[in-house]
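These are the residues of each chain, in order.
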Amino acid sequence: VMKLNPQQAPLYGDSVITVQLTEEDKVEDDVVFYLVFTGSTVQHCTSTRKINPGSLETISPGHDCCETVKVALCASREGHPVLVVAEESFHFVQDEAYDAAQFLATCAGNQQALNFTRFLDRSRAPAADVDFLDEKVALAFRHLKLPAEWNVLGADQSLTENIPRETLMHFAVRLGLLRLTWFLLQQPGGRGALSIHNNEGATPVSLALERGYQKLHQLLTEEEAKEPDSWSTLSHTVHSGDYSVKHHRGLDVYTLTTEA
């Protein structure tokens with residue numbers, strides 16, 4: 001039996017999983033281990049890297065629904081058939097960051113909801129928490145299947161630019177969420193949100209300045225601003241038909257995902 005730690009991951013994946021091997025699986029250096037996650041509609045195969053003779057590390061894949069899947073640890077060696085050496089179950093769950101991303105996505109044009117987020121801001125979180133929140137919510141937002149007509153400013157595009165209102169961009173900037181701000185900038189309506197004033201006459205750009213968020217202000221105003229460093233910038237995904245391959249440069253781990 002192998003031990004997976006943790007035994008669950010958020011739907012958007014991209015978290016580190018450690019695999020403890022049993023005594024008899026601690027084998028020669030020429031054996032390559034990988035994990036196969038079998039869900040009800042998709043299957044993922046991830047490569048691993050050895051931390052020491054008894055443990056491996058990999059990145060959890062992003063999954064399509066909350067469910068318990070079967071994970072098989074496979075070993076391959078040149079000139080030998082692939083062996084399944086252990087099996088374990090693993091849970092994909094919807095966590096708070098995913099809930100938050102879904103909530104924010106659905107309330108893009110909802111003033112009451114956006115005013116609620118302003119209320120939340122008054123209980124300022126410590127910087128480390130903000131960083132963690134930013135990372136997780138941005139990862140979760142990337143994983144959401146946003147409808148084609150989704151817009152940072154909400155569905156009702158008939159609102160002209162000069163009506164004072166809160167936007168998702170105000171929210172992200174006010175909390176200092178660098179990666180979420182970058183993600184929103186790439187979406188329809190993201191750039192347009194930068195010039196919208198709220199009821200106090202603040203734009204996302206003036207908020208960044210007023211709060212002393214220099215990196216954020218650069219992100220919003222510089223033409224050549226680069227994507228902020230984050231766990232997700234370490235990942236590169238290539239899609240082809242029913243397949244996608246993701247490379248996580250940080251751990252040098254690959255994931256192949258296919259419709260089962």
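Keep in mind the model is a prediction, meaning the values are calculated, not measured.

Calculation rules
- Residues numbered from 1 in each chain as written.
- Predicted model: local features only at pLDDT ≥ 70, side-chain atom pairs only at ≥ 80, totals over all residues.
- Heavy atoms only, no water.
- Core = buried A, V, L, I, M, F, W, Y, C linked by side-chain atoms within 4.5 Å.
- Buried < 20%, exposed > 50% of the residue type's maximum accessible area, 1.4 Å probe, protein only.
- Helix = DSSP H or I, 4+ residues; strand = E, 2+ residues; numbered from the N terminus.
- Contact = heavy atoms within 4.5 Å.
- Domains from an automatic or database assignment.
- Buried area = accessible area lost by both parts, 1.4 Å probe.
- Disulfide = S-S within 2.5 Å.
- Arc of directions from axis to C-beta.
- Salt bridge = Lys/Arg side-chain N within 4 Å of Asp/Glu carboxyl O.

K.L.:
Kindly report on the nonpolar core, identifying the contributing residues and their values.
P.N.:
Counting 59 residues, the largest nonpolar core has F90, F141, L180 and L184 as its most contacted members. Residue contributions to this core peak at six residues, all from helix 5 (residues 178-185). Non-local contacts of F90, meaning those with residues more than four positions away in its chain, are made with L4, P6, Q7, Q8, A9, I17, F37, E67, T68, V69 and V71.

K.L.:
Provide a residue-level description of the domain arrangement of the protein, including the pertinent values.
P.N.:
Split into domains, the protein comes out as domain 1 (3-94 + 235-259) and domain 2 (96-226). For domain 1 and domain 2, the distance between their C-alpha centroids amounts to 34 Å. Listed per partner, the contact involves six residues of domain 1 and eight residues of domain 2. Surface buried jointly by domain 1 and domain 2 totals about 720 Å² across both partners, of which 61% is contributed by carbon and sulfur atoms.

K.L.:
Describe the state of the cysteines, with residues and values.
P.N.:
Enumeration according to the criterion identifies zero disulfides in this entry. The thiol of C65 is not disulfide-bonded; the next cysteine sulfur, from C66, is found 7.1 Å away. Cysteine C74 shares no disulfide, and the gap to the nearest cysteine sulfur, in C45, comes to 7.0 Å. Classification of C74 as buried rests on a relative accessible area of 6%.

K.L.:
Tell me about helix 7 (residues 214-221), and name the residues and values.
P.N.:
Listed in full, the buried residues belonging to helix 7 are L216, L219 and L220. All buried residues of helix 7 lie within an arc of 90° about the axis, which places them on one face of the element. Along helix 7, the residues that are exposed and aim more than 90 degrees away from the buried face are Q214 and K215. If you follow the buried residues of helix 7, they end up packed against helix 4 (168-174), helix 5 and helix 6 (204-210).

K.L.:
Can you lay out the pattern of salt bridges for me, pointing to particular residues and giving the numbers?
P.N.:
Inspection of the entire model under this criterion finds nine salt bridges. With its nearest N and O atoms 3.9 Å apart, the salt bridge here joins K70 to E87. Of this pair, K70 sits in strand 8 (residues 67-76) while E87 sits in strand 9 (residues 83-93), placing them 17 residues apart in sequence. The salt bridge involving D134 is made with R179; its shortest N-O contact spans 3.7 Å. You can see D134 sitting in helix 3 (residues 127-143) and its partner R179 sitting in helix 5, a full 45 residues away along the chain. On the basis of relative accessible area, D134 is assigned to the buried category, the value being 3%. The exposure class assigned to R179 is buried, which follows from its relative accessible area of 14%. One network of salt bridges, with partners in common, ties together D131, D134, E135 and R179.

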